[in-house]
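Examining the three-dimensional arrangement
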Amino acid sequence: MNFAKKIIAAALTLLTSITTSAVFAKPLETTIMKRLPVEVTDTGGTLIFSDSPEYVTRNGILYTDVVSGEARILFYHLNNSGVKKKFAVVVENVAGTENTIEITRGGFATPNDNFLLVGKETQLMYMKKNFHDKIKLAKNEFKLFQSKMDNIVVNPGHLVYGVYDFNTTGLVRVYVLMYPERADPLKFLKYAEILPKDENKLRGTFKNMNRNISLKHDYDSSRDGIGYILICDSVTDFFKRGIDATDGSEVVNFGNYGINYILNFNMKSKTKFCLTPLGGTYAGAVRFYHGKNSGTILTPQGKIYFGDKIFPETESMRKAREEGISLWTNHTESSELGSFSGRITFEYSPPGASNLPVNIVLIPDN
(Lines give C-alpha, C1' and ligand atoms only; values in the text may rest on other atoms or scores of the structure.)
Protein backbone atom coordinates (compact mmCIF):
# COMPACT_ATOMS: atom_id res chain seq x y z
CA MET A 1 0.00 0.00 0.00
CA ASN A 2 1.52 3.34 -1.07
CA PHE A 3 1.69 6.49 1.09
CA ALA A 4 -1.43 8.11 -0.38
CA LYS A 5 -3.54 4.99 0.16
CA LYS A 6 -2.37 4.77 3.76
CA ILE A 7 -3.43 8.36 4.30
CA ILE A 8 -6.84 7.86 2.69
CA ALA A 9 -7.42 4.73 4.77
CA ALA A 10 -6.74 6.74 7.92
CA ALA A 11 -9.04 9.52 6.71
CA LEU A 12 -11.84 7.04 6.03
CA THR A 13 -11.42 5.55 9.50
CA LEU A 14 -11.68 9.01 11.03
CA LEU A 15 -14.71 9.92 8.94
CA THR A 16 -16.44 6.69 9.93
CA SER A 17 -16.02 7.62 13.58
CA ILE A 18 -17.35 11.11 12.89
CA THR A 19 -20.66 9.72 11.58
CA THR A 20 -21.54 8.55 15.07
CA SER A 21 -21.78 12.20 16.18
CA ALA A 22 -24.75 14.50 15.71
CA VAL A 23 -23.00 16.30 12.83
CA PHE A 24 -24.45 13.97 10.17
CA ALA A 25 -28.08 12.89 9.96
CA LYS A 26 -27.22 9.69 8.06
CA PRO A 27 -24.18 7.40 7.66
CA LEU A 28 -21.35 8.85 5.61
CA GLU A 29 -20.92 7.35 2.15
CA THR A 30 -17.58 7.92 0.44
CA THR A 31 -16.12 7.53 -3.04
CA ILE A 32 -12.42 7.89 -3.74
CA MET A 33 -11.50 10.27 -6.57
CA LYS A 34 -8.13 10.40 -8.31
CA ARG A 35 -6.39 13.55 -9.47
CA LEU A 36 -5.93 13.51 -13.22
CA PRO A 37 -2.45 14.32 -14.61
CA VAL A 38 -2.30 17.65 -16.45
CA GLU A 39 0.02 19.84 -18.48
CA VAL A 40 0.23 23.52 -17.48
CA THR A 41 1.48 26.57 -19.39
CA ASP A 42 1.14 30.28 -18.54
CA THR A 43 0.56 32.70 -21.42
CA GLY A 44 -0.94 36.09 -22.20
CA GLY A 45 -0.35 39.67 -21.20
CA THR A 46 0.02 41.56 -17.93
CA LEU A 47 -2.27 41.51 -14.89
CA ILE A 48 -2.59 44.67 -12.80
CA PHE A 49 -3.98 43.53 -9.44
CA SER A 50 -5.17 46.00 -6.78
CA ASP A 51 -6.39 44.51 -3.48
CA SER A 52 -4.19 46.12 -0.84
CA PRO A 53 -5.12 47.91 1.26
CA GLU A 54 -8.30 45.88 0.99
CA TYR A 55 -10.06 47.86 3.72
CA VAL A 56 -9.37 51.44 2.66
CA THR A 57 -9.52 54.08 5.40
CA ARG A 58 -8.23 57.19 3.59
CA ASN A 59 -8.06 58.76 0.14
CA GLY A 60 -5.18 57.99 -2.16
CA ILE A 61 -3.69 55.84 -4.91
CA LEU A 62 -4.28 52.17 -4.15
CA TYR A 63 -2.02 50.84 -6.91
CA THR A 64 -0.31 52.07 -10.07
CA ASP A 65 1.94 50.70 -12.80
CA VAL A 66 2.70 51.03 -16.50
CA VAL A 67 1.51 48.48 -19.08
CA SER A 68 1.56 48.09 -22.85
CA GLY A 69 -0.22 45.69 -25.16
CA GLU A 70 -2.50 42.97 -23.78
CA ALA A 71 -3.48 43.53 -20.15
CA ARG A 72 -6.07 42.91 -17.45
CA ILE A 73 -6.95 44.97 -14.40
CA LEU A 74 -8.65 43.62 -11.28
CA PHE A 75 -9.50 45.91 -8.36
CA TYR A 76 -11.11 44.77 -5.10
CA HIS A 77 -11.48 47.25 -2.22
CA LEU A 78 -13.84 48.07 0.61
CA ASN A 79 -14.71 51.58 1.77
CA ASN A 80 -13.67 51.47 5.42
CA SER A 81 -13.45 55.24 5.89
CA GLY A 82 -16.79 55.72 7.63
CA VAL A 83 -18.05 58.20 5.01
CA LYS A 84 -19.18 58.00 1.39
CA LYS A 85 -16.39 57.75 -1.18
CA LYS A 86 -15.76 57.11 -4.85
CA PHE A 87 -13.41 54.65 -6.53
CA ALA A 88 -12.06 54.92 -10.05
CA VAL A 89 -9.45 53.68 -12.47
CA VAL A 90 -7.60 56.45 -14.31
CA VAL A 91 -5.30 55.93 -17.32
CA GLU A 92 -2.45 58.23 -18.38
CA ASN A 93 -0.89 58.16 -21.83
CA VAL A 94 2.88 57.94 -21.34
CA ALA A 95 3.64 56.66 -24.86
CA GLY A 96 4.83 60.03 -26.19
CA THR A 97 2.33 59.82 -29.07
CA GLU A 98 -1.41 59.28 -29.46
CA ASN A 99 -2.59 56.08 -27.83
CA THR A 100 -5.68 53.86 -28.01
CA ILE A 101 -7.04 51.54 -25.32
CA GLU A 102 -9.47 48.90 -26.53
CA ILE A 103 -11.47 47.27 -23.71
CA THR A 104 -12.52 43.80 -24.86
CA ARG A 105 -14.49 42.50 -21.87
CA GLY A 106 -15.33 43.57 -18.35
CA GLY A 107 -17.42 43.28 -15.22
CA PHE A 108 -18.13 45.86 -12.51
CA ALA A 109 -21.05 45.10 -10.19
CA THR A 110 -22.85 47.73 -8.13
CA PRO A 111 -21.01 48.14 -4.80
CA ASN A 112 -22.73 46.36 -1.92
CA ASP A 113 -22.12 45.04 1.57
CA ASN A 114 -23.10 41.54 0.37
CA PHE A 115 -19.59 40.59 -0.74
CA LEU A 116 -20.52 37.22 -2.26
CA LEU A 117 -23.24 38.85 -4.36
CA VAL A 118 -20.81 41.50 -5.64
CA GLY A 119 -18.25 38.81 -6.42
CA LYS A 120 -20.70 36.64 -8.33
CA GLU A 121 -22.29 39.50 -10.30
CA THR A 122 -18.92 40.93 -11.35
CA GLN A 123 -17.66 37.56 -12.52
CA LEU A 124 -20.90 36.80 -14.38
CA MET A 125 -20.65 40.11 -16.23
CA TYR A 126 -17.02 39.41 -17.10
CA MET A 127 -17.62 35.84 -18.25
CA LYS A 128 -20.47 36.84 -20.58
CA LYS A 129 -17.90 38.59 -22.86
CA ASN A 130 -20.42 41.10 -24.22
CA PHE A 131 -18.52 44.29 -23.36
CA HIS A 132 -16.53 46.53 -25.72
CA ASP A 133 -15.24 50.09 -25.48
CA LYS A 134 -12.43 52.31 -26.79
CA ILE A 135 -10.50 55.15 -25.20
CA LYS A 136 -8.55 57.63 -27.34
CA LEU A 137 -5.69 59.35 -25.51
CA ALA A 138 -3.71 62.32 -26.74
CA LYS A 139 -0.08 62.69 -25.69
CA ASN A 140 0.16 62.99 -21.88
CA GLU A 141 -3.65 62.91 -21.52
CA PHE A 142 -5.48 61.50 -18.45
CA LYS A 143 -8.94 59.90 -18.65
CA LEU A 144 -11.26 57.76 -16.59
CA PHE A 145 -11.09 54.12 -17.64
CA GLN A 146 -14.89 54.09 -17.49
CA SER A 147 -16.81 57.37 -17.23
CA LYS A 148 -19.56 55.76 -15.11
CA MET A 149 -17.07 55.18 -12.28
CA ASP A 150 -17.30 58.82 -11.21
CA ASN A 151 -21.09 58.50 -10.91
CA ILE A 152 -21.01 55.66 -8.38
CA VAL A 153 -21.04 56.65 -4.71
CA VAL A 154 -19.71 53.92 -2.42
CA ASN A 155 -21.23 53.75 1.05
CA PRO A 156 -19.16 52.83 4.10
CA GLY A 157 -18.75 49.05 4.39
CA HIS A 158 -19.49 48.46 0.71
CA LEU A 159 -17.25 46.48 -1.63
CA VAL A 160 -15.97 47.68 -5.01
CA TYR A 161 -14.94 44.88 -7.39
CA GLY A 162 -14.19 45.07 -11.10
CA VAL A 163 -12.18 43.25 -13.74
CA TYR A 164 -11.46 44.29 -17.34
CA ASP A 165 -9.38 42.99 -20.25
CA PHE A 166 -7.88 45.58 -22.59
CA ASN A 167 -5.22 46.25 -25.22
CA THR A 168 -3.13 49.39 -25.70
CA THR A 169 -1.18 50.64 -28.69
CA GLY A 170 1.50 52.14 -26.43
CA LEU A 171 2.58 52.64 -22.83
CA VAL A 172 -0.21 53.52 -20.40
CA ARG A 173 0.04 54.21 -16.68
CA VAL A 174 -2.91 52.83 -14.72
CA TYR A 175 -4.05 54.26 -11.36
CA VAL A 176 -6.63 52.84 -8.93
CA LEU A 177 -8.01 55.55 -6.62
CA MET A 178 -10.28 56.15 -3.66
CA TYR A 179 -11.22 59.83 -3.47
CA PRO A 180 -13.73 62.20 -1.82
CA GLU A 181 -17.34 61.99 -2.96
CA ARG A 182 -17.38 65.51 -4.45
CA ALA A 183 -13.83 65.59 -5.87
CA ASP A 184 -12.82 65.52 -9.54
CA PRO A 185 -10.74 62.32 -9.86
CA LEU A 186 -8.36 63.77 -12.46
CA LYS A 187 -7.66 66.83 -10.30
CA PHE A 188 -7.40 64.70 -7.16
CA LEU A 189 -4.76 62.52 -8.82
CA LYS A 190 -2.38 65.48 -9.15
CA TYR A 191 -1.81 65.61 -5.39
CA ALA A 192 -2.79 62.08 -4.30
CA GLU A 193 -0.26 59.91 -2.50
CA ILE A 194 0.29 56.17 -2.87
CA LEU A 195 -1.18 54.37 0.11
CA PRO A 196 0.89 51.67 1.86
CA LYS A 197 -0.23 48.09 1.37
CA ASP A 198 -1.74 46.14 4.25
CA GLU A 199 -0.33 43.00 5.87
CA ASN A 200 -1.76 40.74 3.14
CA LYS A 201 0.18 42.57 0.39
CA LEU A 202 -2.30 41.53 -2.30
CA ARG A 203 -1.36 43.92 -5.07
CA GLY A 204 1.13 43.84 -7.88
CA THR A 205 1.92 43.34 -11.54
CA PHE A 206 2.00 39.78 -12.87
CA LYS A 207 3.21 38.53 -16.25
CA ASN A 208 1.42 35.80 -18.25
CA MET A 209 -2.10 36.41 -16.98
CA ASN A 210 -3.68 33.21 -18.37
CA ARG A 211 -3.08 29.63 -17.22
CA ASN A 212 -3.75 26.82 -19.69
CA ILE A 213 -4.42 23.40 -18.14
CA SER A 214 -4.95 20.32 -20.33
CA LEU A 215 -5.28 16.63 -19.46
CA LYS A 216 -2.19 14.63 -20.38
CA HIS A 217 -4.45 11.95 -21.85
CA ASP A 218 -8.07 11.68 -22.95
CA TYR A 219 -10.44 11.02 -20.09
CA ASP A 220 -11.52 7.36 -20.14
CA SER A 221 -14.21 6.67 -17.55
CA SER A 222 -13.54 2.91 -17.50
CA ARG A 223 -9.88 3.55 -16.70
CA ASP A 224 -10.00 6.82 -14.72
CA GLY A 225 -13.23 6.45 -12.74
CA ILE A 226 -14.21 9.66 -10.96
CA GLY A 227 -11.35 12.09 -11.55
CA TYR A 228 -10.63 15.69 -10.68
CA ILE A 229 -8.24 18.55 -11.19
CA LEU A 230 -7.39 20.84 -8.30
CA ILE A 231 -7.26 24.61 -8.72
CA CYS A 232 -5.65 27.22 -6.43
CA ASP A 233 -4.29 25.00 -3.66
CA SER A 234 -0.76 26.55 -3.85
CA VAL A 235 0.80 23.04 -3.89
CA THR A 236 -0.24 21.36 -7.13
CA ASP A 237 -1.41 24.66 -8.65
CA PHE A 238 1.15 27.27 -7.68
CA PHE A 239 0.38 30.92 -7.02
CA LYS A 240 1.78 33.56 -9.35
CA ARG A 241 4.67 35.76 -8.30
CA GLY A 242 5.05 39.35 -9.40
CA ILE A 243 6.31 42.80 -8.44
CA ASP A 244 4.67 45.59 -6.46
CA ALA A 245 5.58 48.47 -8.77
CA THR A 246 5.10 51.05 -6.00
CA ASP A 247 8.12 49.80 -4.02
CA GLY A 248 9.79 47.12 -6.18
CA SER A 249 9.13 44.27 -3.74
CA GLU A 250 8.30 40.72 -4.82
CA VAL A 251 4.70 39.71 -4.11
CA VAL A 252 2.59 36.54 -4.33
CA ASN A 253 -0.95 36.46 -5.69
CA PHE A 254 -2.43 34.22 -2.98
CA GLY A 255 -5.51 32.80 -4.69
CA ASN A 256 -4.43 33.69 -8.27
CA TYR A 257 -7.15 36.34 -8.43
CA GLY A 258 -7.33 37.86 -11.90
CA ILE A 259 -5.70 34.81 -13.50
CA ASN A 260 -7.88 33.22 -16.19
CA TYR A 261 -7.75 29.43 -16.32
CA ILE A 262 -8.36 27.77 -19.69
CA LEU A 263 -9.29 24.16 -18.86
CA ASN A 264 -9.20 21.73 -21.79
CA PHE A 265 -10.66 18.22 -21.68
CA ASN A 266 -11.03 15.44 -24.24
CA MET A 267 -13.43 12.63 -23.27
CA LYS A 268 -13.88 9.19 -24.82
CA SER A 269 -17.50 9.07 -23.61
CA LYS A 270 -20.14 11.42 -22.23
CA THR A 271 -18.93 12.91 -18.95
CA LYS A 272 -20.57 14.99 -16.23
CA PHE A 273 -18.61 17.95 -14.83
CA CYS A 274 -19.03 19.50 -11.38
CA LEU A 275 -17.33 22.25 -9.41
CA THR A 276 -16.85 21.51 -5.70
CA PRO A 277 -15.55 24.15 -3.26
CA LEU A 278 -13.08 22.92 -0.66
CA GLY A 279 -12.41 26.07 1.35
CA GLY A 280 -15.87 27.28 2.36
CA THR A 281 -18.50 29.68 0.98
CA TYR A 282 -18.22 30.18 -2.76
CA ALA A 283 -20.08 32.13 -5.48
CA GLY A 284 -18.93 32.53 -9.08
CA ALA A 285 -19.41 31.69 -12.74
CA VAL A 286 -17.58 29.80 -15.48
CA ARG A 287 -17.78 29.91 -19.27
CA PHE A 288 -17.82 26.84 -21.51
CA TYR A 289 -16.96 26.23 -25.18
CA HIS A 290 -18.25 23.00 -26.74
CA GLY A 291 -18.14 22.81 -30.52
CA LYS A 292 -20.15 25.75 -31.85
CA ASN A 293 -21.86 26.25 -28.49
CA SER A 294 -20.71 28.49 -25.65
CA GLY A 295 -22.28 30.02 -22.59
CA THR A 296 -21.98 31.02 -18.96
CA ILE A 297 -22.80 28.81 -15.97
CA LEU A 298 -23.44 30.15 -12.48
CA THR A 299 -21.74 28.32 -9.61
CA PRO A 300 -23.99 27.57 -7.89
CA GLN A 301 -27.26 27.95 -9.80
CA GLY A 302 -30.48 28.88 -8.04
CA LYS A 303 -28.86 30.60 -5.05
CA ILE A 304 -26.08 33.12 -4.42
CA TYR A 305 -23.51 30.84 -2.80
CA PHE A 306 -22.77 27.38 -1.49
CA GLY A 307 -19.94 25.64 0.34
CA ASP A 308 -21.00 26.88 3.76
CA LYS A 309 -21.94 23.36 4.87
CA ILE A 310 -18.61 21.75 3.97
CA PHE A 311 -17.22 19.55 6.72
CA PRO A 312 -13.71 20.77 7.61
CA GLU A 313 -10.87 18.89 5.97
CA THR A 314 -8.70 16.86 8.34
CA GLU A 315 -4.91 16.90 8.10
CA SER A 316 -5.00 13.32 6.75
CA MET A 317 -7.50 14.30 4.07
CA ARG A 318 -5.41 17.33 3.07
CA LYS A 319 -2.27 15.22 2.73
CA ALA A 320 -4.15 12.63 0.70
CA ARG A 321 -5.45 15.38 -1.61
CA GLU A 322 -1.93 16.66 -2.14
CA GLU A 323 -0.87 13.10 -2.97
CA GLY A 324 -3.56 12.87 -5.62
CA ILE A 325 -6.51 11.26 -3.85
CA SER A 326 -9.66 13.02 -2.67
CA LEU A 327 -13.04 12.00 -1.27
CA TRP A 328 -16.55 12.52 -2.58
CA THR A 329 -19.07 12.02 0.21
CA ASN A 330 -22.81 12.48 0.54
CA HIS A 331 -21.94 15.79 2.26
CA THR A 332 -19.85 17.11 -0.64
CA GLU A 333 -21.37 20.31 -2.05
CA SER A 334 -21.18 20.59 -5.83
CA SER A 335 -22.48 22.67 -8.71
CA GLU A 336 -23.06 20.89 -12.01
CA LEU A 337 -21.39 22.35 -15.09
CA GLY A 338 -23.13 20.01 -17.54
CA SER A 339 -22.54 16.74 -19.39
CA PHE A 340 -20.36 16.72 -22.51
CA SER A 341 -18.65 14.36 -24.91
CA GLY A 342 -15.63 14.93 -27.16
CA ARG A 343 -13.74 18.16 -26.44
CA ILE A 344 -14.85 20.75 -23.89
CA THR A 345 -13.12 23.93 -22.71
CA PHE A 346 -14.01 25.81 -19.55
CA GLU A 347 -12.83 29.32 -18.71
CA TYR A 348 -12.48 29.80 -14.97
CA SER A 349 -11.15 32.59 -12.76
CA PRO A 350 -11.09 32.64 -8.93
CA PRO A 351 -14.01 34.89 -7.91
CA GLY A 352 -13.51 37.68 -5.40
CA ALA A 353 -14.97 37.13 -1.90
CA SER A 354 -15.01 33.33 -2.37
CA ASN A 355 -12.92 30.67 -0.67
CA LEU A 356 -10.43 28.39 -2.38
CA PRO A 357 -9.32 25.84 -3.54
CA VAL A 358 -11.87 24.12 -5.77
CA ASN A 359 -12.06 20.78 -7.55
CA ILE A 360 -13.29 20.36 -11.11
CA VAL A 361 -14.71 16.83 -10.99
CA LEU A 362 -15.26 14.47 -13.94
CA ILE A 363 -17.90 11.78 -13.40
CA PRO A 364 -18.84 8.97 -15.83
CA ASP A 365 -22.27 9.94 -17.15
CA ASN A 366 -23.62 6.44 -16.55
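Attention here is on the structure that accompanies the text. (Residues numbered from 1 in each chain as written. Predicted model: local features only at pLDDT ≥ 70, side-chain atom pairs only at ≥ 80, totals over all residues. Heavy atoms only, no water.)

**Remarks on the overall build of the protein chain**
In plain terms, the rule: A run of H or I in DSSP becomes a helix once it reaches four residues, and a run of E becomes a strand once it reaches two; helices and strands are each numbered from the N terminus. A radius of gyration in this sense is built from C-alpha atoms; the matching globule rule multiplies 2.2 Å by the number of residues raised to 0.38. Residue burial is assigned from relative accessible area. The probe radius is 1.4 Å, only protein chains are included, and a residue is buried under 20% of its type maximum, exposed over 50%, and partly exposed in between. Contacts are assigned to residue pairs that have any heavy atoms within 4.5 Å of one another. Methods summary: accessible areas were calculated by the Shrake-Rupley approach with a probe of 1.4 Å, and residue burial reflects only the protein chains presented. By the counting rule applied here, Lys and Arg register as positive and Asp and Glu as negative, while His and the ends of each chain are not counted. Positions of charges follow a simple convention, taking NZ of Lys, CZ of Arg, CG of Asp or CD of Glu.
The number of helices and strands found in the protein chain is 5 helices and 23 strands. For the protein chain, whose C-alpha radius of gyration is 22 Å, the value lies close to the compact-globule estimate of 21 Å for 366 residues. Dimensions of the protein chain, computed from the C-alpha atoms along their principal axes, are close to 65 × 45 × 40 Å. Per-residue burial over the protein chain gives 52% buried out of 366 residues. Across the protein chain, contacts joining residues at least 24 apart in sequence account for 84% of those joining residues at least 6 apart. For the protein chain, the exposed area adds up to about 16000 Å²; of that, 49% sits on carbon and sulfur atoms. Within the protein chain, one finds 43 positive and 38 negative side-chain charges whose respective centroids are separated by 2 Å.

**A short note on the sheet that holds strand β10 (residues 142–144)**
For clarity, the threshold we go by: At least two bridges found by DSSP between two strands is the condition for calling them paired. To get an axis, a line is fitted to the C-alpha atoms, and for a helix only the part in contact is used. The angle between two axes follows their N-to-C directions and goes from 0 to 180 degrees.
Ordered by their spatial adjacency, 4 strands build an open sheet running β5-β12-β7-β10, and the pairing between neighbours is antiparallel. The open sheet has two edge strands, β5 (60–67) and β10, and neither has a second partner. Ignoring strand direction, the axes of neighbouring strands in this sheet form an average angle of 25°. Here β5 pairs with strand β12 (residues 172–180) via 7 bridges, running antiparallel. Bridge pairing in β12 places Val 67 opposite Val 172.

**Details of the state of the cysteines**
Selection rule: Disulfides are defined in this document as cysteine sulfur pairs within 2.5 Å.
What the rule picks out here adds up to 0 disulfides. Looking at the unpaired Cys 232, the closest cysteine sulfur is the one in Cys 274, lying at 19 Å. Of the residues examined, Cys 274 reaches a relative accessible area of 2% and is grouped as buried.

**Observations regarding the pattern of salt bridges**
Filter applied, for reference: What makes a salt bridge here is a side-chain nitrogen of Lys or Arg within 4 Å of a carboxyl oxygen of Asp or Glu, nothing more.
For the structure on display, the rule yields 14 salt bridges. Residues Arg 105 and Glu 347 are paired through a salt bridge, measuring 2.8 Å at the closest nitrogen-oxygen approach. Of the two residues, Arg 105 sits in strand β8 (residues 99–108) while Glu 347 sits in strand β22 (residues 335–348), which places them 242 residues apart along the sequence. Arg 105 gets classed as buried once you look at its relative accessible area, which sits at 6%.

**With respect to helix α5 (residues 315–323)**
Condition: Picture the helix axis, draw a direction to every C-beta atom, and the arc is the one those directions span.
Along α5, the residues that are buried comprise Met 317, Ala 320 and Arg 321. Mapping the buried residues of α5 onto a view down its axis gives an arc of 100°, with all of them on the same face. Where α5 terminates, the next one or two residues include Gly 324, which has phi positive at roughly 110°.

**A few points about the environment of Leu 195**
Position of Leu 195 relative to the elements: it lies in the loop between α3 (185–189) and β13 (203–207). According to the relative accessible area criterion, Leu 195 is buried, its value standing at 3%. Along the backbone, Leu 195 and Leu 62 are 133 residues apart, and their C-alpha atoms lie at a distance of 5.7 Å. Apart from the residues within four sequence positions on either side, Leu 195 is in contact with Pro 53, Val 56, Arg 58, Asn 59, Gly 60, Ile 61, Leu 62 and Arg 203.

**Description of the pairing of strand β17 (residues 249–252)**
As paired elements, strand β16 (residues 241–244) and β17 share 4 bridges and run antiparallel to each other. Pairing of Ile 243 across the sheet is with Glu 250, part of β17. Between the end of β16 and the start of β17, which pair antiparallel, lie 4 residues, with Gly 248 showing a positive phi angle near 80°.

**Considering the environment of Lys 120**
Our working rule: Pairs of N or O atoms are called polar contacts if they sit within 3.5 Å, as long as, within protein, a hydrogen donor faces a hydrogen acceptor (for residues adjacent in sequence, only side-chain-to-side-chain pairs).
Within the secondary structure layout, Lys 120 lies in helix α2 (residues 115–127). For Lys 120, a relative accessible area of 8% corresponds to the buried category. Put simply, Lys 120 and Ser 52 are 68 residues apart on the chain and 20 Å apart in space, counted from C-alpha to C-alpha. Beyond its immediate chain neighbours, meaning those up to four positions away, Lys 120 contacts Ala 283, Gly 284, Leu 298, Thr 299, Pro 300, Lys 303 and Ile 304. Separated by 2.8 Å, the side chain of Lys 120 and the backbone oxygen of Lys 303 make a polar contact.

**Re the packing of aromatic side chains**
Spelled out, the test is: Stacked, edge-to-face and tilted are the three classes for Phe, Tyr and Trp ring pairs, Trp counted by its six-membered ring, which pair at centre distances within 6.5 Å; planes under 30 degrees apart are stacked, over 60 edge-to-face, the rest tilted. Consider the ring centre and the ring normal. A charge sits over the ring if Lys NZ or Arg CZ is within 6 Å of that centre and within 35 degrees of that normal.
Under the counting rule described, the total for this entry stands at 18 aromatic pairs. Taking the centre distance of 5.9 Å and the plane angle of 80° together, the rings of Phe 340 and Phe 346 count as edge-to-face. Owing to a relative accessible area of 8%, Phe 340 belongs among the buried residues under this scheme. An aromatic cluster is built from Phe 265, Phe 273, Phe 288, Phe 340 and Phe 346, whose rings are joined through pairwise contacts. Its guanidinium or amino end placed over the ring of Tyr 126, Arg 105 lies 4.0 Å from that ring's centre, counting from NZ or CZ. Just above the ring of Phe 238 sits the side chain of Arg 211; from NZ or CZ to the centre is 4.0 Å.

**Some words on the pairing of strand β23 (residues 358–364)**
Note on strand geometry: in a regular strand, side chains alternate between the two faces of the sheet. Among the 7 residues that make up β23, 7 are buried, leaving the element largely enclosed by the rest of the structure. Residues of β23 alternate between two faces, with Val 358, Ile 360, Leu 362 and Pro 364 on one and Asn 359, Val 361 and Ile 363 on the opposite face, all of them buried. Here 5 bridges tie strand β15 (residues 227–231) to β23, and the two strands are oriented antiparallel to one another. Across the sheet, residue Ile 231 finds its bridge partner in β23, namely Val 358. When strand β18 (residues 260–277) meets β23, the two strands line up antiparallel, connected through 7 bridges. Counted as the bridge partner of Phe 273 is Leu 362 from β23.

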